[in-house]
Structures are given as C-alpha cells and as structure tokens.
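Letter by letter, the chains look like this.
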Amino acid sequence: MSSKITQKYRSYLVLIAALPFTLSINAETYRIVDTGQVIFYDNQTEITAPVSGESFYGQDAHFPGNQPDYTDNGDGTITDNVTGLMWQQSADLNDDGEINIDDKLSHNEALVGANTYSLAGYDDWRLPTIKESYSLFMFTGEDPSGYDGTDTDDLIPFINTDYFDIDYGDTDAGERIIDAQFVSSTVYVSTTMNGDSTMFGVNFVDGRIKGYPMGPMPGQVEDKQFYVLYVRDNIAYGQNEFVDNDDNTVSDNATGLMWQQGDSEIGLDWESALEYAQIKNSENYLGYNDWRVPDSKELHSIVDYTRAPAVSSSAAIDPIFDCSTIIDEGGEDNYPFYWSSTTHANMQNGAWGAYLCFGEALGWMPDPFPPFNVTLLDVHGAGAQRSDPKSGNADDYPEGHGPQGDVVRIDNYIKLVRDISTATGLDNNQSSDGTPQTISLNQNYPNPFNPSTTITYSLSNKSYISIDIYDARGCKVTNLVQARQAAGIHDVIWSGTNSANSPVSTGVYFAVVKADNHTSVLKMTFLR
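Here's a quick rundown of the structure. Small disclaimer: the values here were computed from a predicted structure and weren't measured.

## Remarks on the overall build of the protein chain
From N to C terminus, the protein chain includes seven helices and 28 strands. For the protein chain, whose C-alpha radius of gyration is 24 Å, the value lies close to the compact-globule estimate of 24 Å for 528 residues. Projected onto the principal axes, the alpha-carbon positions of the protein chain cover approximately 75 × 55 × 40 Å. Here the analysis covers contacts within the protein chain between residues at least 6 apart in sequence; of these, 66% occur between residues at least 24 apart. In the structure as shown, the protein chain presents an accessible area of about 21,900 Å², 47% of it carried by carbon and sulfur atoms. Taken as two groups, the 28 positive and 75 negative side-chain charges of the protein chain have centres that lie 11 Å from each other.

Structural data, given as structure tokens:
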C-alpha cells in the first residue's frame, strides 16, 4: 500500500475513531423538541394557568413535551440530546468574530459549502432540512416586527442563545433587524410570488418559517443571502413513520404521536379551537379523552414538503390524512391553515397564534411600481408557519398583514393530536402483537471497505424490515432489503453502489435499518 493511500486510510480511521460507530434510536427517530412556551395567554395578554373546563385550557404551556436538552461540546459544536443532531454552534461562518452580512451565503453556496465544511474534526456536515432547522425553534421569543429601533439588547430571539450564537440582520449593510433568515436544504416543489424558485427557511428573529427566493430579490442582482448553521448525525430526523390505525386515527411511530385522521371541517378562532379539543375529549372521541391542539412544532412534523396544491393537487400533507378543502380569498379551491396551541408573542402582547399552512401561504402582494395594486399570490409556500390574530374579524384585514400582505383568516382549522404512549400504556418499541421488538445491529465488516461490506443484524421477532443506505447529506443512495423476515440472524452485502448500480464516491454512509417500530442507524466508510 502506497504511503499516500496509507495516510488517506489513517485519516479515515482517525475520523471514525472520533465518531460513534452506530446510532441506535429507540423507536422515535423524530422526537419533537418542546417549544419551551411556559406562559399562558388569552386572546391578548398573559393569564394564570386555566384548568380543565375553563376557557383557554389546552394551550401549549399546559403540555410540557420533550424539554430542550443541549450539550456544549466545547469545540464549536452543540449536541441536541433530544434529536440526536449535532449543530454548528455559531453563525459566524467566516470565523472573524462577528456575525454579519459577510457570513451569509446563497442557497446554492450553502449547499456546495457543506461538502467542504469542516468543524471539530468532522467533515460530514450537511445543510439541514427545514424540519431539522425547526427543531431548534423556541417559542420563548418575541417577534420584533414593527420595531424601528436599532438596539437589539432587549430583543428575544426564537432560539436558545445560551448555546447558539446567532445575530440579527446587518443594519450597517442596510438590512432590517428581522433579516436573519437561515437557509435549509428544503426546496419548495412549487413556486412563490410570480414564479420564483423557492426554498424554505427559518427566521429565529421573527419566529416564522417562510419560503424565500433562491434567486435575487427584486431590484438586486445577487442571489438572496442567508445565515447558515450546518448539522450532522441522525439522518433519519424528520422522516415520518405513519400507520393508518383503521379507526380514523393515524400514528406516527417516528414521533410517538397519534393524529386525528380528519380535521375539524370548519374554521374556528383560537379560543374555540382549544374548546374544540375539550369537547371532543368529553365525547371520548375515537375512543380517547386526551386529545389536544398540537403545538406548532408537533403540527409542523406532519407537513409533507414533497406536496403542494399547484403540484400534487393536494394539501402539503401525506395522503394517509384527510384534509378539508376551502374556497380561498381568490375564489379558488385550496386547503386550510391549521391552528397550533402556541402563542406567537410579539413585543406588545400575545394576541397572535401560530398556524401552519397546509394550503398555499397566500398574501396580497403589492406591485413594486405605481399604482401599487395588490395581487393575491402564494407568497410563502405550502408548509410555511405564520401567525393570525386569535380573535376578531378577518374582514378588518382586506389586504392582509405584513410586508407580503399575509392573508388573515382567524377562523382556522384544527387537527387534534395525542401521545401514542398513553393509548395502551405499552412501550412504543413493540411489534403489532405487543411483543417487544428489538434489532441487534453489528458493525459492518470490513469497515472502511472497498468494494463491498457485510451488514449483520438479528431480529427478536418476525418483522417487516427495510434497510436503506444514505449519504452524509441525508440523500437516499439505495435500498438493500424490503421484506418480511423471520426472527434470527440475517446479513446483507452492500457493494458500494447506488440504486443505478453505479459506484459511490469515497465518504461516510449510513445504513438505516427499520423493523416495525424500531430503527437503528449504522455508520460506514467507503474508500475508493
């Protein structure tokens, strides 16, 4: 073996030695981090915690979920102990000690940059999906929209700044304070505005998900620029495992949540939406009495970004769900906004509630030139998270709200949720007959490998199993197994090729092994 190849091999061994060989995720590969909201609100202000049967009972703060749990690794990275994701800690991408416009990249630059980005000895960073990015959202923040000052000391962003180092828009460069959009790898399958290619981004300053153009903004020649936080590990995060329970409910074994398969079939204001859940519980709806209006992050987990009304002729949700149709503000068929139980607080009050757009995120967009007529457009994309007044009359907002004229409906729809674990008292990690299901997954051999490697695993019960290979960016490379297999020891060989039977490139790959409700992830290294 040449010294050059030996050195290359040793470099990979150093990298692998620094990383865990396997990541075994017990059933819930897509654990939803709680919003952090602990304050109770009515339609305007903070209130004391309502009790069951009272108005405003059942809002976000009543249900503490998986509380945020981070580890500062002391090397410029943060590990999220709930999601299993490791994050770049600071948006100071050029490492000059300041976070400003010089740290921003276009969507394409951020995608390409992930291939060469190295931090803390890791080189398998990727641009996060919108679901990965949203896992960092904290609704302890306050929306500063409308604030015309420049001092940001008293502003509260929608991310835990005890661990993450972000900043506001670069006002010295002519940006607004709220120009702190973070780029994701999730591209809208349709277009926004007047045919703009669009990607979804999070804004940790104003507390929203919106579709943003990947090209130049009006009047500019440079592609729109975004802050960047790269991520690594748990490539299964954000992937649902839906099961139709044949009783008008849908379970997601990846999140541990059970959903109402249909919806409220009528729009309600925020207070009435919370009441809707209480009424359904009093009726023992679908056999359960612990339904709730989902918080914003729970609701976001069932958005399907491969769908959009203009492309799939459906809502942005898996077809396993039923979704009401509406006639939108332009008289066209569309799909509803759905309330969350989360208040989208601003610097003045708690009068706005967060919702998710399963239909187009419409807005009355003014023309850039006189006479500034407004046109109803999909301004932010199906899958956006915005906010509506909790109460009032939508007719009071004839041209919407905000710079893109977001349509205001107030009466939004509801899709209820509950925890699977309270259904039977059983562990989620079970096969359909109630027997605990486990996968014992061994490290592939050889590793690193070329040209092939063997993956060995054992099943405790007869199971339907799938084994998929993903690259370090989270893109599926190929499928190795898709079958029902008996209990016992099994093995499969991967020859280092993709689904087209072409050789893959040198790098880190992941085998995602799923058996019923259990998922394990194996890290492998291919050398050419």
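## What to know about the nonpolar core
Core analysis: the biggest nonpolar cluster contains 56 residues, and Leu 136, Phe 164, Phe 182, Val 202, Phe 204 and Phe 358 have the highest contact counts within it. When residues of this core are traced back to their parent elements, those giving at least two are helix H3 (130–134), strand E8 (198–203), strand E13 (257–260) and strand E17 (352–357). Within the second largest apolar cluster, 23 residues are counted, among which are Ala 273, Tyr 288, Trp 291 and Phe 337.

## Re the pattern of salt bridges
On inspection of all chains with the given rule, the structure shows 17 salt bridges. Of the charged contacts in the structure, one is a salt bridge between Glu 241 and Lys 514, with a shortest N-O distance of 4.0 Å. Pair noted here: Glu 241 is in the loop between strand E10 (231–232) and strand E11 (242–244) and Lys 514 is in strand E27 (residues 507–515), with a separation of 273 residues, a long-range link. Taken together, the salt bridges that share partners define one network made up of Asp 124, Arg 232, Asp 233 and Lys 523.

## Some words on the sheet that holds strand E5 (residues 77–80)
Pairing is antiparallel in the open sheet, where four strands are placed in the order E4-E5-E6-E10. Pairing within the sheet leaves two strands with one partner each, and these edge strands are strand E4 (70–72) and E10. Taken together, the three bridges between E5 and strand E6 (residues 86–88) define a ladder with antiparallel strand orientation. Residue Ile 78 lies in a different strand from E6, and its bridge partner there is Trp 87.

## Overview of the sheet that holds strand E23 (residues 453–459)
Paired through backbone hydrogen bonds, the strands of a sheet run either parallel or antiparallel to each other. Within the open sheet, the three strands sit side by side as E22-E23-E26. Their pairing is antiparallel. Looking at which strands have only one partner, the edges of the open sheet turn out to be strand E22 (439–441) and strand E26 (488–494). Strand after strand, the sheet turns through a mean of 25 degrees between neighbouring axes, direction not considered.

## Structural notes on helix H4 (residues 270–282)
Given a rise of 1.5 Å per residue, 13 residues ought to cover 18 Å, and the 19 Å separating the end C-alpha atoms of H4 matches this to within 8%. Listing the buried residues of H4 in full gives Trp 270, Ala 273, Leu 274, Tyr 276, Ala 277, Gln 278, Lys 280 and Asn 281. Buried residues along H4 sit against strand E2 (40–41), E13 and strand E16 (337–343). Taken from the residues just after H4, Asn 284 is the one with a positive phi, measuring 50 degrees.

## Digging into the side chain of Glu 298
As for its position among the elements, Glu 298 is in helix H5 (residues 296–300). Residue Glu 298 is classed as buried on the basis of its relative accessible area of 9%. A polar contact of 2.7 Å, which involves the side chain of Glu 298, links it to the side chain of Arg 292. The contacts of Glu 298, once residues within four sequence positions are left out, are Ile 32, Leu 257, Trp 259, Arg 292 and Val 417.

## Let's talk about the environment of Ala 315
Position of Ala 315 relative to the elements: it lies in the loop between helix H6 (309–312) and strand E14 (326–327). Given the relative accessible area of 2%, Ala 315 is considered buried. Distance from Ala 315 to Gly 405, taken between C-alpha atoms, is 22 Å for residues 90 residues apart in sequence. Beyond its immediate chain neighbours, meaning those up to four positions away, Ala 315 contacts Arg 307, Cys 323, Tyr 335 and Phe 358.

Calculation notes
Residue positions are given per chain, counted from 1 along the sequence in the order it is written. Local features in a predicted model are, by the rule used here, given only for residues with pLDDT of at least 70; side-chain atom pairs are given and counted only at 80 or more, and totals for whole chains, interfaces and linings are based on all residues. For side-chain calculations, the full set of non-hydrogen atoms in the structure is used, while hydrogens and water are omitted. Counting from the N terminus, the helices are the DSSP runs of H or I reaching at least four residues and the strands are the DSSP runs of E reaching at least two. It is over C-alpha atoms that the radius of gyration is taken, and the globule rule equals 2.2 Å times the number of residues to the power 0.38. Whether two residues touch is decided by their heavy atoms; if any such pair falls within 4.5 Å, the residues are in contact. Each accessible area is a Shrake-Rupley estimate made with a 1.4 Å probe; only the visible protein chains count as cover when residues are assessed. The convention is simple: Lys and Arg are positive, Asp and Glu are negative, and His and the chain ends are not counted. Just so you know, the charge point we use is NZ for Lys, CZ for Arg, CG for Asp and CD for Glu. In these notes, a set of buried Ala, Val, Leu, Ile, Met, Phe, Trp, Tyr and Cys residues joined through side-chain atoms within 4.5 Å is what counts as a nonpolar core. Three exposure classes are used, based on accessible area relative to the maximum for each residue type with a 1.4 Å probe and protein chains only: buried under 20%, partly exposed in between, and exposed over 50%. Any carboxyl oxygen of Asp or Glu that lies within 4 Å of a side-chain nitrogen of Lys or Arg is treated as forming a salt bridge with it. For two strands to be treated as a pair, DSSP must find no fewer than two bridges joining them. Axes here mean lines fitted to C-alpha atoms, for a helix over just the part in contact, with angles spanning 0 to 180 degrees between N-to-C directions. A helix is expected to span 1.5 Å for every residue after the first. Pairing of N or O atoms within 3.5 Å defines a polar contact, subject to two protein rules: one partner must be a possible hydrogen donor and the other a possible acceptor, and residues neighboring in sequence count only if both atoms are side-chain atoms.

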